[in-house]
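Residue-level structure breakdown
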Amino acid sequence: RHLRIRTYLLILVLVSALPFIAFSAVLVTRTAAIQTKSFGRDVVAVARALSLAIDSRIAVQQAALEVLGRSRALADGDLAVFSAELQDAAALLDSPISLSRAAGQQILNTARLPGAALPRRSQPEHVAQVVADRRAMVSGMTRDALDGRPQATVDVPVPGGGQAVRWVLAGTVQLASIEALLNSQRLPPGWVGAVVDQEGTFLARTRDNEATVGTSASKDWTGPARTQ
């Protein structure tokens, strides 16, 4: 009860990292064991394990944001104290975190110095949906409102004194980490793997990644009958 926010987050990150490490080991072992005769079945297994590994990373961020949302400093509106907690969390997660008003205007962002002018969130419809549904949501591919880099976000609504959502905490899903997971699969020569978001947009790809990220995937990639 008397642990600081940083201590809770550190415990959370350490515990949550264990299944991710296990998933990574399964991915490497499973990929190394692929045989040509049963390649189709093995690729499906690897794809599912990769999906679980990505979900594990997102779950860590969501849980950390939910812990931050219960901060006493945030509840009291003490943004100076909460900014320090936000910086601690971002360092532990190795990923930027922002705090926005329910309407989408950023108030704090660990990627910028305190007091710096901040823009509105780059996906107002997504933020509005998080506020309306009052539940955590993961965005599709978007561009960082500060530097334009491709990313996705994990967004958690935070209510104020009443029932209405007052804040939205957003953690960055860095696409480079998804690309690294994908490349670790060591697919056979000639094969191409990719991760696509719910809107059919490439988040990572083993070939021509830089030119492909942010573009729309064809039905060959998103069709239910295909396995990539």
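See above for the structure.
Residues numbered from 1 in each chain as written. Predicted model: local features only at pLDDT ≥ 70, side-chain atom pairs only at ≥ 80, totals over all residues. Heavy atoms only, no water.

Brief notes about the overall build of the chain
To keep things clear, this is the line we draw: Each helix is a run of H or I in the DSSP string that is no shorter than four residues. Each strand is a run of E no shorter than two, and both are numbered from the N terminus. Using a 1.4 Å probe on the protein chains alone, a residue whose accessible area is under 20% of its type maximum counts as buried, one over 50% counts as exposed, and one in between counts as partly exposed. All accessibility values rest on the Shrake-Rupley procedure with a 1.4 Å probe; residue burial counts only the protein chains present in the view.
Secondary structure assignment for the chain yields eight helices and eight strands. Counting only residues that meet the buried cut, the chain has 42% of its 228 residues in that class. In the structure as shown, the chain presents an accessible area of about 12500 Å², 54% of it carried by carbon and sulfur atoms.

Comments concerning the pairing of strand β1 (residues 97-101)
Using the following cut-off: Pairing between two strands is assigned when DSSP locates at least 2 bridges connecting them.
Judged by how many residues are buried, β1 sits mostly within the fold: four of five residues are covered. Pairing of β1 with strand β6 (residues 165-174) involves five bridges; the strand directions are antiparallel. From the neighbouring strand, Ile 97 faces β6, where its bridge partner is Gly 171. Inspection of the sheet shows β1 paired to strand β2 (residues 106-109) by three bridges, in the antiparallel sense. When the bridges of β2 are listed, Ser 100 appears paired with Gln 106. In sequence, β1 turns back onto β2 through a hairpin of four residues, with Gly 104 there showing a positive phi of about 110 degrees.

Points about unusual backbone geometry
Residues other than glycine seldom take positive phi values, yet Asp 94 does so here, at roughly 55 degrees. As for its placement among the helices and strands, Asp 94 is situated in the loop between α4 (79-93) and β1. Looking at Asp 94, the relative accessible area reads 61%, which means it is exposed. Residue Arg 134 is not a glycine yet carries a positive backbone phi of 55 degrees. According to the relative accessible area criterion, Arg 134 is partly exposed, its value standing at 43%.

Brief notes about the nonpolar core
So the rule is basically this: As used here, the term nonpolar core means buried Ala, Val, Leu, Ile, Met, Phe, Trp, Tyr and Cys residues forming a set that is joined through side-chain atoms within 4.5 Å. It only takes one pair of heavy atoms within 4.5 Å for two residues to be counted as in contact.
Formed by 34 residues in total, the largest nonpolar core has its most connected members in Leu 68, Phe 82, Leu 86, Ile 97, Leu 99, Leu 169 and Ile 178. Elements that contribute at least two residues to this core include exactly α2 (39-68), α3 (72-75), α4, β1, β5 (150-159), β6, α6 (175-183) and β8 (202-205). The biggest single contributor to this core is α2, with eight residues. Those residues in contact with Leu 169 that sit more than four places away from it in its chain are Leu 65, Leu 68, Gly 69, Phe 82, Leu 86, Ile 97, Ser 98, Leu 99, Val 154, Asp 155, Val 156 and Val 158.

Some thoughts on the pairing of β6
Consecutive residues of a regular strand have side chains that alternate between opposite faces of the sheet. Across the 10 residues that make up β6, a large majority, eight, are buried. Here β5 pairs with β6 via nine bridges, running antiparallel. Bridging from a neighbouring strand, Thr 153 pairs with Thr 172 of β6.

Brief notes about the packing of aromatic side chains
Short version of the rule: For Phe, Tyr and Trp, where Trp contributes only its six-membered ring, two rings pair if their centres lie within 6.5 Å, and the inter-plane angle classes them as stacked under 30 degrees, edge-to-face over 60, or tilted in between. Geometrically, a charge over a ring is one whose NZ (Lys) or CZ (Arg) sits within 6 Å of the ring centre while staying within 35 degrees of the ring normal.
A complete count under the given rule lists zero aromatic pairs for this structure. A cation over a ring is seen here: Arg 205 above Phe 202, with NZ or CZ 5.5 Å from the ring centre.

Examining α6
At 3.6 residues per turn, the α-helix brings residues three or four places apart onto the same side. Definition in use: An arc is given here, and it is the one of the directions from the helix axis to the C-beta atoms.
Here α6 has its buried residues at Leu 175, Ile 178, Leu 181 and Leu 182. Considered in projection along α6, the buried side chains sweep an arc of 115 degrees and stay on one side of the axis.

Remarks on the pattern of salt bridges
Rules: Basic side-chain nitrogens of Lys or Arg form a salt bridge, by our definition, when they fall within 4 Å of a carboxyl oxygen of Asp or Glu.
All chains considered together, the criterion is met by three salt bridges. The salt bridge partner of Asp 133 is Arg 135, with a shortest N-O separation of 3.6 Å. Exposure remark for Asp 133: the relative accessible area of 32% places this residue in the partly exposed category.

Regarding α4
Put simply, the test is: One less than the residue count of a helix, multiplied by 1.5 Å, gives the span that helix is expected to have.
Helix length check: α4 (15 residues) gives 20 Å between terminal C-alpha atoms against 21 Å at 1.5 Å per residue, within 8%. Buried within α4 we find Phe 82, Ser 83, Glu 85, Leu 86, Ala 89, Ala 90 and Leu 93. All buried residues of α4 lie within an arc of 165 degrees about the axis, which places them on one face of the element. Seen from the open side of α4, the exposed residues pointing more than 90 degrees away from its buried face are Ala 80 and Ala 91. One or two residues past the end of α4 sits Asp 94, with phi positive at roughly 55 degrees.

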